[in-house]
Amino acid sequence: SQKIEQNSEALNIQEGKTATLTCNYTNYSPAYLQWYRQDPGRGPVFLLLIRENEKEKRKERLKVTFDTTLKQSLFHITASQPADSATYLCALQMDSSYKLIFGSGTRLLVRP
Amino acid sequence: DAGITQSPRHKVTETGTPVTLRCHQTENHRYMYWYRQDPGHGLRLIHYSYGVKDTDKGEVSDGYSVSRSKTEDFLLTLESATSSQTSVYFCAISEGTGFGSYEQYFGPGTRLTVT
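### Remarks on the overall build of chain B
Item 1. Of regular secondary structure, chain B possesses zero helices and 11 strands.
Item 2. Scanning chain B from its N terminus toward the C terminus, one meets helices and strands in the order β-β-β-β-β-β-β-β-β-β-β.
Item 3. For chain B, the C-alpha radius of gyration of 14 Å lies close to 13 Å, the compact-globule estimate for 115 residues.
Item 4. When its C-alpha atoms are laid out on the principal axes, chain B stretches across 45 × 30 × 25 Å.
Item 5. In chain B, once contacts between residues fewer than 6 apart in sequence are set aside, the share between residues at least 24 apart is 55%.
Item 6. Element-wise, carbon and sulfur atoms account for 48% of the exposed surface of chain B, whose accessible area totals about 5300 Å².
Item 7. The average position of the 11 basic charges and that of the 13 acidic charges among the side chains of chain B differ by 4 Å.

### Section: the environment of Leu21(B)
Residue and element names in this part refer to chain B.
Item 1. Within the secondary structure layout, Leu 21 lies in strand E3 (residues 19–25).
Item 2. Taking relative accessible area as the criterion, Leu 21 reaches 0% and is therefore assigned buried.
Item 3. Sequence-wise, Leu 21 and Leu 112 are 91 residues apart; in three dimensions their C-alpha atoms are separated by 9.4 Å.
Item 4. Apart from residues no more than four positions distant in its own chain, Leu 21 is found in contact with Ser 7, Pro 8, Trp 34, Phe 74, Leu 75, Leu 76, Tyr 89 and Thr 110.

### Quick word on the side chain of Asp38(B)
Residues and elements named next belong to chain B.
Item 1. Summarising the element assignment, Asp 38 is placed in strand E4 (residues 31–38).
Item 2. On the accessibility criterion, Asp 38 (12% relative accessible area) is buried.
Item 3. Side-chain polar atoms of Asp 38 contact the side chain of Arg 44, separated by 2.9 Å.
Item 4. Excluding anything up to four places from it in sequence, Asp 38 contacts Arg 44, Thr 86 and Ser 87.

Analysis parameters
- Residues numbered from 1 in each chain as written.
- Chains lettered and ligands numbered in written order.
- Predicted model: local features only at pLDDT ≥ 70, side-chain atom pairs only at ≥ 80, totals over all residues.
- Heavy atoms only, no water.
- Helix = DSSP H or I, 4+ residues; strand = E, 2+ residues; numbered from the N terminus.
- Rg over C-alpha atoms; globule rule 2.2 N^0.38 Å.
- Contact = heavy atoms within 4.5 Å.
- Areas by Shrake-Rupley, 256 points an atom, 1.4 Å probe, with all protein chains shown as cover.
- Lys, Arg positive; Asp, Glu negative; His and termini not counted.
- Charge placed at Lys NZ, Arg CZ, Asp CG, Glu CD.
- Buried < 20%, exposed > 50% of the residue type's maximum accessible area, 1.4 Å probe, protein only.
- Polar contact = N/O pair within 3.5 Å; in protein donor to acceptor, adjacent residues only side chain to side chain.

Nothing here speaks to function; it is all geometry.
Below you can see the structure in the form of structure tokens.
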């Protein structure tokens, strides 16, 4: 069966450390993998995406990797801050599709 | 949330009553989507639209219908609300980047409670 897995347990880290979130998928072949941030009571906000032929993408303190062999994406936030505390969602986009398939998200808590 | 509004933001209704949620965009994006978000399930696609009067079903479409008579408006209707439709509903919009990717931009959500 097809599924997307993100760690359902919250990730609790100290300010200044690097947070690493995982998105694993099974029986999908996405052309793009997207990451979103969601704060309580608000809609998700697009952060960045990575294409299947890219290994790594960076944007300021954010880094995403995409391993199509392992069927996994890692999302890193370096020098984390309490303001980074939120739920982070990964989403798969298949080639020639304008629909996304979302994971259920991982909550990140950054302690001051 | 800029450019996308949802109304109402909160609604409590009784089982069996019809409910319509509205999504309005000012971005002139072609694609619009309705999702529901429930604990443990993440975002699930209900219906989507790829143009005026062009709509299709998502993975959890039973009990819902949609209409899009103008580019800017996408309506979600629960014909006869049930308690299982208690959820937070999000509208999203998208426009192709030209590189094949479709990032989505979400509205603020509507919290619907069916009693």
